[in-house]
Amino acid sequence: MNKKLPNPLPENTPGQRILKLRLSAGLTQEQLAERLGFTANYFGQVERDAIGLSNNMAHAICRYFNVTFDYLYFGPHACGTMEKLGSLSENQAMLADFIKSCSEEECRMLEPIIKVFVRTLRDAGWFKNPNPSGNDNLPN
């Protein structure tokens, strides 16, 4: 079935945004599914918003099309949330994307571990403290 798509394509839902990304890249559902390791049927259901987007698929799509989770889940007007916090390096952005993929419980468990790890590395001289006043900028 070949139905005519509106131009420009709407971006109101995650499924519509995925459809727009895929079509902009000139890919079929089968081609994208094969490249990302999902079934074309699953892509079709997600693009129609018949089923929700899995975290695995969201991560794969964001990496493949170089878009943010903000864009994928909330649309083009939500983009730049991380940039509003300040300019992030590539490594900081990768870490932020990883943390965004974690559940609330995982984040609660990771926070004290990351703080202790960074403090330990700074104290051992592995990292220079970015704050010249000596405060490590890590909340307790």
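Remember, predicted model here, so these are calculated numbers, not experimental data. (Residues numbered from 1 in each chain as written. Predicted model: local features only at pLDDT ≥ 70, side-chain atom pairs only at ≥ 80, totals over all residues. Heavy atoms only, no water.)

Things to note about the overall build of the chain
Quick reminder of the rule: Helical segments are the DSSP runs of H or I of at least four residues, strand segments are the runs of E of at least two, and each set is numbered from the N terminus. Partly exposed describes any residue whose relative accessible area lies between the buried limit of under 20% and the exposed limit of over 50%, with all areas from a 1.4 Å probe on protein chains only and scaled to the type maximum. The contact definition used throughout considers only heavy atoms, calling two residues in contact when any of these lie within 4.5 Å. The method behind every accessible area is Shrake-Rupley, applied with a 1.4 Å probe, and residues are considered shielded solely by the protein chains displayed.
On a plain count of helices and strands, the chain comes out with eight helices and zero strands. Start at the N end of the chain and walk to the C end: the helices and strands fall as α-α-α-α-α-α-α-α. Taking all 140 residues of the chain together, 27% fall into the buried category. Looking at the chain alone, contacts between residues at least 24 apart form 37% of all its contacts between residues at least 6 apart. When the accessible surface of the chain is summed, it comes to about 10000 Å², and 56% of that surface belongs to carbon and sulfur atoms.

Topic: the nonpolar core
Put simply, the rule is: Put simply, a nonpolar core is a bunch of buried Ala, Val, Leu, Ile, Met, Phe, Trp, Tyr and Cys residues held in one set by side-chain atoms that sit within 4.5 Å of each other.
Counting residues in each nonpolar core, the largest one holds 20 residues, and the members touching the most others are I18, F43, L53, M57, I61, F65 and L72. Listed by contribution, the elements that provide at least two residues to this core are α1 (14–24), α2 (29–36), α3 (40–47), α4 (55–65) and α5 (69–74). For this core, the element with the most residues is α4, which contributes six residues. Excluding its chain neighbours within four sequence positions, the residues that come into contact with L53 are P14, I18, Y42, V46, A58, I61, L72 and Y73.

Here's the deal with the pattern of salt bridges
The line we're drawing: Salt bridge, as applied in this entry: a Lys or Arg side-chain nitrogen positioned within 4 Å of an Asp or Glu carboxyl oxygen.
Scanning all chains against the criterion turns up two salt bridges. Its salt-bridge partner being E47, residue R22 comes within 2.6 Å of it at the nearest N-O pair. Linking R22 in helix α1 with E47 in helix α3, this pair joins segments that are 25 residues apart in sequence. Residues R22 and E47 agree in their burial class; the two are buried. The residue E111 makes a salt bridge to K115 at a minimum N-O spacing of 2.9 Å. Within this pair, E111 and its partner K115 are both found in helix α8 (residues 104–123), separated by four residues, close to a single helical turn.

Some words on the packing of aromatic side chains
Worth spelling out the cut-off: Ring pairs shown here join Phe, Tyr and Trp side chains whose ring centres sit within 6.5 Å, with only the six-membered ring taken for Trp; geometry is labelled stacked below 30 degrees between planes, edge-to-face above 60, and tilted in between.
A complete count under the given rule lists five aromatic pairs for this structure. A centroid spacing of 6.4 Å and a plane angle of 50° characterise the contact between Y73 and F74, whose relative ring orientation is tilted. Owing to a relative accessible area of 28%, Y73 belongs among the partly exposed residues under this scheme. Site record: aromatic cluster; members linked through ring pairs are F38, Y42 and F43.

Section: the confidence of the model for the chain
Going by this rule: Confidence of the predictor in every single residue is expressed as pLDDT, which spans 0 to 100.
Summarising the model, the chain shows a mean pLDDT of 78, and 75% of its residues fall at 70 or more. Across the chain, the element-wise mean pLDDT spans from 45 in helix α6 (residues 81–84) up to 93 in α2. Across residues 81–85, where pLDDT falls below 50, the model places five contacts with residues more than four positions away in sequence or in other chains.

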